[in-house]
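# Residue-level structural notes
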Amino acid sequence: MVQSKSWILAKHFDGFPKDSDFKLKVEELPEPKDGEVLLEAVFLSVDPYMRPFSKLYMKEGDVMIGTQVAKVVQSKNSAFPVGSHVVSGCGWRSHAVSDGKDLTLLMADWPKNVPMSLAVGAIGMPGLTALYGVEAVLQAQKGETLLVNAAAGAVGTVVGQIAKIKGCKVVGSAGTDAKVAYLKELGFDEAFNYKTVPSLEEALKKAAPEGYDCFFENVGGQFSTIALQQMKEFGRVAVCGGISTYHDAEYQTGPYPLTTINWKQVKIEGFMQSRWQNDHPQGLKKLMGWYKEGKLKCREHVTKGFENMPTAFMGMLQGENIGKAIITV
């Protein structure tokens, strides 16, 4: 019998999450049955989407949602041999028994010199989100100007780099000077600290006086209202998230610059990477290729210890991370 630890949602978040909202649960797992495997977590992911998802789809007592890179330590399923590594959606668990339906083997040709943690980062869900947002939703073209906020996060850093690969001018907004410096290291044409600029409107105009063709939206709130007014005619907006609104007790209701959207004929589209699930293998190969070529750089904010998952989650929501926030076990 294997002892498994899991973090459960003890209480729905009221505003910003706090330690008492989580509870560590310990249980004995049964031996895998035919067709099942026993998994041991290696790298776990914390992501912004977990905050609104918990409100909409989870009930108190549920294991926190999330993905992880796990090692198969026992197997009665020939598709997942012992010693192989998988991406699992089993949530915040140290160990789990799975029938394999929610598992994805790491790419067969995953290079030994590429950290496997990237399978929940730039060469995983966040990377695919950036890829589909830039290519499929925004359809960014060479010579266009792209704006991305929360630009130093797991998705934003990849968005900017893909846009540069496409030949775009890239403007990024982040919340610390250290993050701004990192964006410039990545090759962003312009980057600024939205918390310290005297005027967000003027900062956006200075970065791109001609306006923006593409806007990859991660933040929402006031930033959106101001940025939308600086879109070019026929501009495109990919709505990936709205992290500034996730802790609100009530949904925000504007103001929205509808006249600007109407007159400039701006297209706004919400999306999730799961829409292109059938394209994931090809997308992951593309991301891995860019990484191996040195065109895609990745930074990780690493927290050690399964017991520190709530701390890592709350730190990520407060913007403590540059790049992808992960937990090592």
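Calculation criteria
Residues numbered from 1 in each chain as written. Predicted model: local features only at pLDDT ≥ 70, side-chain atom pairs only at ≥ 80, totals over all residues. Heavy atoms only, no water. Helix = DSSP H or I, 4+ residues; strand = E, 2+ residues; numbered from the N terminus. Rg over C-alpha atoms; globule rule 2.2 N^0.38 Å. Buried < 20%, exposed > 50% of the residue type's maximum accessible area, 1.4 Å probe, protein only. Contact = heavy atoms within 4.5 Å. Areas by Shrake-Rupley, 256 points an atom, 1.4 Å probe, with all protein chains shown as cover. Lys, Arg positive; Asp, Glu negative; His and termini not counted. Charge placed at Lys NZ, Arg CZ, Asp CG, Glu CD. Core = buried A, V, L, I, M, F, W, Y, C linked by side-chain atoms within 4.5 Å. Domains from an automatic or database assignment. Axes fitted to C-alpha atoms, helices over the stretch in contact; angles between N-to-C directions. Parallel < 35°, antiparallel > 145°, perpendicular 65-115°, else oblique. Nonpolar A, V, L, I, M, F, W, Y, C, P; charged D, E, K, R; others polar. UniProt positions renumbered as here; feature names shortened; annotations may be inferred. Left-handed = near helix turned anticlockwise from the far one by under 90°. Patch = residues over 30% accessible without salt bridge, like charges linked within 9 Å, V, L, I, M, F, W, Y side chains within 5 Å. Salt bridge = Lys/Arg side-chain N within 4 Å of Asp/Glu carboxyl O. Arc of directions from axis to C-beta.

### Remarks on the overall build of the protein chain
- Along the protein chain, the regular secondary structure elements total nine helices and 15 strands.
- Taking 2.2 N^0.38 as the reference for a compact globule, 329 residues should give roughly 20 Å; the C-alpha atoms of the protein chain span a radius of gyration of 20 Å, in line with that estimate.
- Reported as C-alpha extents along the three principal axes, the dimensions of the protein chain are approximately 65 × 45 × 35 Å.
- Expressed as a percentage of its 329 residues, the buried residues of the protein chain come to 52%.
- Sequence-distant contacts, at least 24 apart, represent 68% of the contacts inside the protein chain between residues at least 6 apart.
- Working note: accessible area of the protein chain is about 15600 Å², and carbon and sulfur atoms make up 52% of it.
- On the protein chain, the mean spot of the 36 positive side-chain charges and the mean spot of the 35 negative ones are 3 Å from each other.

### Quick look at the nonpolar core
- Trp110, Ile123, Leu146, Val159, Ile162, Phe216 and Leu287 are the most contacted members of the largest nonpolar core, which totals 49 residues.
- Those elements that place two or more of their residues in this core are helix 2 (125-137), strand 8 (145-148), helix 3 (156-165), strand 9 (169-174), helix 4 (177-185), strand 11 (212-217) and helix 8 (280-292).
- Examining the composition of this core, we find that six residues originate from one element, helix 2, more than from any other.
- Residues lining this core come from more than one domain, with at least three contributed by each of domain 1 (2-121 + 298-328) and domain 2 (125-273).
- Excluding anything up to four places from it in sequence, Val159 contacts Ala130, Val134, Leu146, Val148 and Phe216.
- Trp7, Phe13, Ala312 and Ala325 belong to the second largest nonpolar core, which has 20 residues in total.

### Digging into the packing of helix 2 against helix 8
- Interhelical geometry of helix 2 versus helix 8 gives an angle of 100 degrees and a closest axis separation of 10 Å. Accordingly, the angle class assigned to the pair helix 2 and helix 8 is roughly perpendicular. Residues Gly127, Leu128, Leu131, Tyr132 and Glu135 of helix 2 touch helix 8, and the partners they reach there are His280, Gly283, Leu284, Lys286, Leu287 and Trp290.
- Looking at the contact of helix 2 with helix 8, its residues break down into six nonpolar, three polar and two charged.

### As for the UniProt feature "domain: Enoyl reductase (ER)" (unreviewed entry) in the protein chain
- The sites that UniProt annotates as "domain: Enoyl reductase (ER)" (unreviewed entry) are residues 18-327.
- When the span residues 18-327 is considered, its composition is 27% helix and 25% strand, and the gap between its end C-alpha atoms is 18 Å.

### Digging into the packing of helix 2 against helix 3
- Between helix 2 and helix 3, whose axes approach to 8 Å, the crossing angle comes to 45 degrees. On the basis of their axis angle, the class for helix 2 and helix 3 is oblique. In this structure, helix 2 crosses over helix 3, and the sense of that crossing is right-handed. Between helix 2 and helix 3, the residues in contact are Gly127, Ala130, Leu131 and Val134 and Val158, Val159 and Ile162, respectively.
- For the contact of helix 2 with helix 3, the class distribution of residues is six nonpolar, one polar and no charged.

### Some points on a nonpolar patch on the surface
- A grouping of Leu56, Tyr57 and Tyr251 is seen on the molecular surface, where their side chains present a nonpolar patch of about 420 Å² in accessible area.
- Along the chain, Tyr57 turns up in helix 1 (residues 50-57).

### Some points on the environment of Gly235
- Relative to the helices and strands, Gly235 resides in strand 12 (residues 231-239).
- Since its relative accessible area comes to 1%, Gly235 is described here as buried.
- In this structure, the C-alpha to C-alpha distance between Gly235 and Ile268, residues 33 residues apart in sequence, is 8.6 Å.
- If sequence neighbours within four positions are ignored, Gly235 has contacts with Asp213, Lys264, Gln265, Val266 and Lys267.

### Some words on the pattern of salt bridges
- Evaluated as defined, the whole model comprises 13 salt bridges.
- The closest approach of N and O atoms between Lys286 and Glu135, which form a salt bridge, is 3.2 Å. Of the two residues, Lys286 sits in helix 8 while Glu135 sits in helix 2, which places them 151 residues apart along the sequence.
- The salt bridge partner of Lys232 is Asp213, with a shortest N-O separation of 3.3 Å. With Lys232 in strand 12 and Asp213 in strand 11, the pair connects residues that are 19 residues apart, well separated along the chain.
- Judged by relative accessible area, which is 11%, Asp213 ranks as buried.
- In this structure, a network of salt bridges that share partners links the residues Glu135, Lys166 and Lys286.

### Concerning helix 4
- Three or more residues of helix 4 are buried, namely Lys179, Val180, Tyr182 and Leu183. For helix 4, the angular spread of the buried residues around the axis is 160 degrees, confining them to a single face. In this structure, helix 4 carries Asp177, Lys184 and Glu185 as exposed residues pointing more than 90 degrees from its buried face.
- Residues of helix 4 that are buried make contact with helix 3, strand 9 and strand 10 (190-193).
- Two residues or fewer after helix 4 comes Gly187, characterised by a positive phi angle close to 105 degrees.

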